[in-house]
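A structural walkthrough
Chain by chain, the residues run as shown.
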Amino acid sequence: MKIDKQLAKDPTTVSIENLYLIKIPDSIKNRLEQNSNSIVNLYFNGCKLTSLTNFPCLPNLVRLELNDNSLKDEDMKVIAGIPNLKYLRLAGNRIRSLDAIRELGSNQNIRLLDFYMNPVAETPLFRESLFGFFTKLKYLNDQNDKGEEVSVVDSNETVSGDEEEEDDEFVVNEKFEK
C-alpha cells in the first residue's frame, strides 16, 4: 500500500493526491488512525472529496491540505475538531459562509489559511473577518495581514510537530509594489 511506503520513509507525512475518492474510505481512515500519533502533515489534494464525514482522528495533525476538492460549509465542523492544526489550505472548494469558517475559531493556533477559489473569498469583509476570528493568523490566501502578496513557502516542506519557534515556520518573499 502506498501509505505504508510513505510512512516507512517519513512517519510524519502522508500525501494522497489526485485520486477519485469522493469520501475517505475506511481502509485509508483505519491505516491513518493506526499512525495517529506520528502523522502531523496530511495532504488530500485533488481527490474530489465531497465530505469529511469519515475523516480520521489525528490529534497531532499540524498541517492539512485539502485543495481542489468539493468540500462544503458543513465540513468545517470536522476540521474544527483538529486541536493542533496550524496550517490549513482549502483552495478550490465550495466553502460559502463566513459562519462556517467561524467554526474553526475555537482553534487559535491557526497561522495560515487558504480559501482561494472558494465562494466565501468573495464575501465583503472576508479578510478582515478572518484576521479577527484567528488571533495568530499570519497569512491568508498568500497575503499577509496588510493585504500584501507574499510567497509563502514551507521552510522544510513538512513540519516535525516539535516546532516551538513561530518565526522559522515559513520563508516569506514579499512582493513590494511601488
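For every chain, the first residue of the written sequence is number 1, and numbering continues from 1 onward in sequence order. At least 70 in pLDDT is required for a residue's local features to be given in this predicted model, at least 80 for side-chain atom pairs to be given and counted, and no such filter applies to totals for whole chains, interfaces and linings, which use all residues. Side-chain metrics in this entry use all non-hydrogen atoms of the structure; hydrogen atoms and water are not considered.

1. Topic: the overall build of the chain
- Labels follow the DSSP assignment, with helices taken as runs of H or I lasting at least four residues and strands as runs of E lasting at least two, numbered in each case from the N terminus. Assigned secondary structure in the chain consists of five helices and eight strands.
- Of the regular secondary structure in the chain, the N- to C-terminal order runs α-β-α-β-β-α-β-α-β-α-β-β-β.
- Considering only contacts within the chain whose residues lie at least 6 apart along the sequence, 56% involve residues at least 24 apart.
- Computed by Shrake-Rupley with a 1.4 Å probe, the accessible areas treat only the displayed protein chains as cover when residues are assessed. For the chain, the computed accessible surface area is about 9,300 Å², with 47% contributed by carbon and sulfur atoms. Throughout, a contact is declared for two residues whenever any of their heavy atoms are within 4.5 Å.

2. Side note on helix H2 (residues 26-34)
- Think of it in three bands: residues with accessible area under 20% of the maximum for their type are buried, residues over 50% are exposed, and the middle band is partly exposed, with areas taken using a 1.4 Å probe on protein chains only. Those residues of H2 that fall on the buried side of the exposure criterion are Ile28, Lys29 and Leu32. Seen from one end, H2 has its buried residues packed into an arc of 100°, which puts them on one side.
- On its buried face, H2 is in contact with helix H1 (2-9), strand E1 (13-15) and strand E2 (41-43). Arc definition: it is the arc formed by the directions from the helix axis to the C-beta atoms.

3. Comments concerning the side chain of asparagine 54
- Looking at where asparagine 54 falls in the secondary structure, it is placed in the loop between E2 and strand E3 (63-65).
- Pairs of N or O atoms are called polar contacts if they sit within 3.5 Å, as long as, within protein, a hydrogen donor faces a hydrogen acceptor (for residues adjacent in sequence, only side-chain-to-side-chain pairs). A distance of 2.9 Å separates polar atoms of two side chains, one belonging to asparagine 54 and the other to aspartate 26.
- Apart from residues lying up to four places away in sequence, asparagine 54 is in contact with Lys23, Ile24, Pro25, Asp26 and Lys29.

4. Points about the packing of aromatic side chains
- For this analysis, a ring pair means two rings from Phe, Tyr or Trp (six-membered ring only for Trp) whose centres lie within 6.5 Å, classed as stacked if their planes differ by under 30 degrees, edge-to-face if by over 60, and tilted for the remaining angles. Taken as a whole and assessed by the stated rule, the structure comprises two aromatic pairs.
- With 6.4 Å between their ring centres and 85° between their planes, phenylalanine 115 and phenylalanine 126 make a pair best called edge-to-face. Of this pair, phenylalanine 115 sits in the loop between strand E5 (112-114) and helix H5 (126-133) while phenylalanine 126 sits in helix H5, placing them eleven residues apart in sequence.
- A residue is classified by how much of its surface remains accessible, and phenylalanine 115, at 0% relative accessible area, is buried.
- Plain terms: the ring middles of phenylalanine 133 and phenylalanine 134 are 6.3 Å apart, the flat faces sit at 75° to each other, and that makes the pair edge-to-face. Grouping residues by exposure puts phenylalanine 133 and phenylalanine 134 together as buried.

5. Quick notes on H5
- Those residues of H5 lying buried are Phe126, Ser129, Leu130, Phe131 and Phe133.
- Tucked into the core, H5 has its buried residues touching helix H4 (98-102), E5 and strand E6 (139-140).

6. Description of the confidence of the model for the chain
- Every residue carries a pLDDT, the predictor's confidence in it, which falls somewhere between 0 and 100. Overall, the predicted model of the chain reaches an average pLDDT of 87, with 85% of residues at or above 70.
- In this model, residues 171-178 is a region of pLDDT below 50 whose contacts with residues beyond four sequence positions or in other chains number 15 contacts.

7. Structural notes on the packing of H1 against H2
- It is at 11 Å that the axes of H1 and H2 come closest, and there the two elements cross at 20°. Classified by the interaxial angle, the pair formed by H1 and H2 is roughly parallel. Every pair of crossing elements has a handedness; the one defined by H1 and H2 is right-handed. On the side of H1, the interface is formed by Ile3, Asp4 and Leu7, while H2 contributes Ile28, Arg31 and Leu32. Axis lines are fitted through C-alpha atoms, for helices just across the contact stretch, and the angle between N-to-C directions can take any value from 0 to 180 degrees. Just so you know how the angles are binned, under 35 degrees is roughly parallel, over 145 roughly antiparallel, 65 to 115 roughly perpendicular, and the rest oblique. A clockwise turn of the near helix away from the far one marks a right-handed crossing, whereas an anticlockwise turn of less than a right angle marks a left-handed crossing.

8. A short note on unusual backbone geometry
- Phi is positive for aspartate 68, which is not a glycine, with a value near 55°.
- Within the secondary structure, aspartate 68 sits in the loop between E3 and helix H3 (76-80).
- With a phi angle near 65°, leucine 125 is a residue other than glycine that sits in the positive phi range.

9. Quick word on the environment of serine 97
- Position of serine 97 relative to the elements: it lies in the loop between strand E4 (87-89) and H4.
- Here the alpha-carbon distance between serine 97 and aspartate 73, two residues 24 residues apart in the chain, equals 6.6 Å.
- Ignoring anything within four residues of it in the chain, the contact list for serine 97 reads Asp73 and Val120.

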